[in-house]
Amino acid sequence: MKVLEIQSVSKSYSNHLALDDVSLAVPEGKIFGLLGPNGAGKTSLIRIINQITMPDKGQVLFKGQKLNSEHISQIGYLPEERGLYKKMKVGEQALYLAQLKGLTEKEAKIALRKWFERFEITPWWNKKVEELSKGMAQKIQFITTVLHQPKLLIFDEPFSGFDPINASIIKDEILRLKNQGTSIIFSTHRMESVEELCDHIALIDQSKKILDGQLNEIREQYKQQIYQIDFASTELSFLNTLPEHLKLIKSSNNQAEIQIVDQSTASELIRFLLDQSDLKGFEEKIPTVNEIFIRTVKENLS
Amino acid sequence: MNKIILIIKREYVSRVRKKSFIVLTILGPVLMASLMLTPLLMDSSDSELRTVWLCDESGLFEDKFNNTEAIRTKVFTESVEQVKLLFNESDAFTLVHIPDTIKISISDLENKINVYAHKPISYANKRLISRNVESVIESIKLKNEGLTRETINKTRASVSLNTIILGNSGTEKSGSTENAMGLSMAGGFLIYIFIFLYGAMVMRGVMEEKTSRIVEIIISSVKPFQLMMGKIIGVALVGFTQFALWILLTFVLSSLATSYLMNPAELNPTELIDGAELILQEGANEQNVLASILTELQSINLSFLLLMFLFYFVGGYLMYGSLFAAVGAAVDSETDTQQFMIPITIPLIFSFIALQTILENPDSSLAFWCSIIPFTSPIVMMGRLPFDPPMWEIALSMVLLIIGFIFTSWIAGRIYRVGILMYGQKVSYKTLWKWIKQS
């Protein structure tokens, strides 16, 4: 089941093309990583999903229905560039934003109280936002984003401005929301958090989608037959005279990374190595999202 | 619809609760009152007794110099040189030297009078002295011509015109241009002030939302146009509240001030009776004046004027308010607003200046066009209304103002929608035009 389907959406601004025939499907109850270099068109896409702007071409379906204003209350959005009214009190502001999302004042109050207790920030209720630190304000923003229990959440760099402790609190909350069945679109430049959280990723570069699929499948797909080997001894001079079909990526002390450049198998590599030295460990290197990101974007450039 | 009310409520409540609002609301009438009271206070503080020395070589002025409450004269017959020395050691206010008329003619005397003083003297005091001298010289001249002051006074004429406006159907009504002009100036001025004061408030509000980056969160819940209109309406309600409080406070303050200044307990019994009579008389006089003003105002049709005032007040504000909002959305900081403020402020200032000339000639073509074009009509039509412009002109002006409001809010909405999400871009008129065209 797809919570959101983006069907060949294009969007251009006065001076450039922001999205060029982009199609995506966001699966329900999963975390969907939306990646791409700066200026690739991620924010444009997110704004279209939030109905802040309209696509020039193509359409967006929310649970199979054409996106319309009734879906606003089912989507929660934490923009990358975010702020609050500085002079307004925390509680009032959270109430206001919740009511704009369609909650009644009473519902909003009950839900807010729960969240404030959960984050142990009840004493902030009557403080003005300008009295809070940046991290504190980010917490309030997170709460206002998820408060109305949206079916789809969009987080654009949700961890920016948080210290490691608070970042991990937010991460746990995101995972908890996912377990409750919320679908999440997660846009970030922190690749390690993508690996940690995402089930599915899509990569947008230069207004086009260049990669899309389940994270583990993509990583499988991007394997390059590189193996990491731990040797028993540090005497590894044989690595300098490897046969043609093997390529040394790097070596240090008793460790080395070797790539198989032809069709030969890992077993053949092990057999070859055993002839030279004793092995303590042998493992295939699965590419990190970071590596995949850099590789695809570079390939796309050429 | 529900959401726009939420926005209006927030805009209103957050502003009305601000310290600056409360301070300005209280300070406004106090400032006004002090502006009106200062001249009175200044006047009374200047009333200390001053001595004027008169060195009169001509002998014409002796006794004729008026001793007022503020000025006491002392006449010397010694030579100027001697008196000057004496004056230098005294603390007298001024020394007036009038030369001997044997040597010069009476007309030449007018330019030969010197005033000596320890420090520069004020215009008012100079006036006082010259008036005294003038009246003496005048009576001498009159005498030379064989006339007396009484004859002159008897021949004076004073004319006050009664304007009566003849209606088409032969009806007559007295029209007072003074009161009408006063009313329409006040109306136009109020609209002018309101647009500037609260239009700027709308602009700053939009800029605050943009720079604090909350705007993206909000417009993921409501349409940008709803946010813009909510803000404009919310600020208008703030303005109405402030104006109402100002009027109320001014009324309370002025009635408090008058009752304090005319505190009857401070008068002694006999004075009290005289004073009471005086007050009664004055009251009666005031009532007469008030009644005559009221009847004159009725001839202008007060309720119609009030309705029109409300219409142009609200219409003008809404039309300019959305433009102010667009400017706020287009820029990143207050310093960048200048270039876009010019086309907004120029028609406003122009119409305010035009209003004054139009009052002198309410049926000129300048008056006609200015009261039809929506950018100037709110202020100018207010000025023309008391002069009974044709009904079709009023209707046309009103319809055009409504169309103008729809037009500016459409334009502003399109600039606003794009502008609030643009950061760090140098915006020119060309970019604004692109935003307007953008779908």
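Owing to the predicted nature of the structure, the values given are computational and were not obtained by experimental measurement.

Cut-offs used in this document
- Residues numbered from 1 in each chain as written.
- Chains lettered and ligands numbered in written order.
- Predicted model: local features only at pLDDT ≥ 70, side-chain atom pairs only at ≥ 80, totals over all residues.
- Helix = DSSP H or I, 4+ residues; strand = E, 2+ residues; numbered from the N terminus.
- Buried ≥ 20, exposed ≤ 12 C-beta atoms within 10 Å, placed from the backbone.
- Contact = placed C-beta atoms within 7 Å.
- Axes fitted to C-alpha atoms, helices over the stretch in contact; angles between N-to-C directions.
- Parallel < 35°, antiparallel > 145°, perpendicular 65-115°, else oblique.
- Left-handed = near helix turned anticlockwise from the far one by under 90°.
- Nonpolar A, V, L, I, M, F, W, Y, C, P; charged D, E, K, R; others polar.
- Pairing = 2+ DSSP bridges.
- Domains from an automatic or database assignment.
- Arc of directions from axis to C-beta.

## Observations concerning the overall build of chain B
Right, on to step 1. Helix and strand content of chain B: 16 helices and 6 strands.
Right, on to step 2. Going through the 439 residues of chain B one by one, you find that 28% of them count as buried.
Right, on to step 3. Nonlocal contacts in chain B, meaning residues at least 24 apart in sequence, comprise 70% of its contacts between residues at least 6 apart.

## A look at the packing of helix α13 (residues 365–372) of chain B against helix α14 (residues 377–384) of chain B
Residues and elements named next belong to chain B.
Right, on to step 1. Taken N-terminus to C-terminus, the directions of α13 and α14 make an angle of 130°; their axes are 7 Å apart at the nearest point. Judged by the inter-axis angle, α13 sits oblique to α14. For the pair α13 and α14, the crossing hand works out as left-handed. Contacts from Ala367, Cys370, Ser371 and Ile372 of α13 reach α14 at Ser377, Val380, Met381 and Arg384.
Right, on to step 2. Across the contact of α13 with α14, the residue classes tally to 5 nonpolar, 2 polar and 1 charged.

## Some details on the sheet that holds strand β2 (residues 17–27) of chain A
Right, on to step 1. With antiparallel pairing, the 4 strands of this open sheet are ordered in space as β2-β1-β4-β5 (chain A). Since the sheet does not close on itself, it has two edges, and those belong to β2 and β5 (65–66) of chain A, each with one partner.

## Some remarks on the domain arrangement of chain A
Interface size is commonly expressed as the accessible surface area that is lost when the partners come together.
Right, on to step 1. Assigned domains of chain A: these are domain 1 (2–220) and domain 2 (224–285).
Right, on to step 2. Taking the mean C-alpha position of each, domain 1 of chain A and domain 2 of chain A sit 44 Å from one another.

## Some remarks on the interface of chain A and chain B
Right, on to step 1. Each partner contributes residues to the interface: chain A has 18 residues there, and chain B has 16 residues.
Right, on to step 2. Broken down by element, the residue count for the side of chain A that touches chain B peaks at 4 residues, all from helix α2 (residues 90–100) of chain A.
Right, on to step 3. Split into classes, the residues belonging to the side of chain A that touches chain B amount to 10 nonpolar, 4 polar and 4 charged.

## Digging into α13 of chain B
Residue and element names in this part refer to chain B.
Right, on to step 1. For α13, the full list of buried residues reads Ala367, Cys370 and Ser371. Angular distribution of buried residues about the axis of α13 spans 95°; they occupy a single face of the element.
Right, on to step 2. Among the structural elements, α12 (338–360), α14 and α15 (391–419) are those in contact with the buried residues of α13.

## Here's the deal with α2 of chain A
Right, on to step 1. Counting buried positions over the 11 residues of α2 of chain A gives 9, a clear majority of the element.
Right, on to step 2. The set of residues buried in α2 of chain A consists of Val90, Gln93, Ala94, Leu95, Tyr96, Leu97, Ala98, Gln99 and Leu100 of chain A.
Right, on to step 3. Its buried side turned inward, α2 of chain A meets α3 (105–118) and α4 (134–146) of chain A together with α1 (2–16) and α8 (215–219) of chain B.

## Observations regarding the pairing of strand β11 (residues 226–231) of chain A
Residue and element names in this part refer to chain A.
Right, on to step 1. The pairing of β11 with strand β13 (residues 255–260) spans 5 bridges and is classified as antiparallel. Across the sheet, residue isoleucine 229 finds its bridge partner in β13, namely alanine 256.
Right, on to step 2. In the sheet, β11 pairs with strand β14 (residues 279–284) via 5 bridges, with the strands oriented antiparallel. Following the sheet pairing, glutamine 228 is matched in β14 by glutamate 283.

## Concerning the packing of helix α11 (residues 302–330) of chain B against α12 of chain B
Residues and elements named next belong to chain B.
Right, on to step 1. Running from N to C, α11 and α12 point in directions that differ by 170°, and their axes come no closer than 10 Å. Of the possible angle classes, the one that applies to α11 and α12 is roughly antiparallel. For the pair α11 and α12, the contacting residues are Tyr320, Leu323, Phe324, Val327 and Ala330 in the first and Phe340, Met341 and Ile344 in the second.
Right, on to step 2. Classifying every residue of the contact of α11 with α12 gives 8 nonpolar, no polar and no charged.

## A look at the sheet that holds strand β12 (residues 246–252) of chain A
Neighbouring strands of a sheet are bound in pairs by backbone hydrogen bonds; such pairs are parallel or else antiparallel.
Residue and element names in this part refer to chain A.
Right, on to step 1. Spatial ordering of the open sheet is given by β12-β13-β11-β14, a layout of 4 strands whose pairing is antiparallel. Of all the strands in the sheet, the pair left with one neighbour each is β12 and β14. Averaged over neighbouring strand pairs, the angle between their axes works out to 20° when direction is ignored.
Right, on to step 2. Sitting on the sheet, helix α8 (residues 266–276) touches β11, β12, β13 and β14, and the angle it makes with β14 is about 160°.

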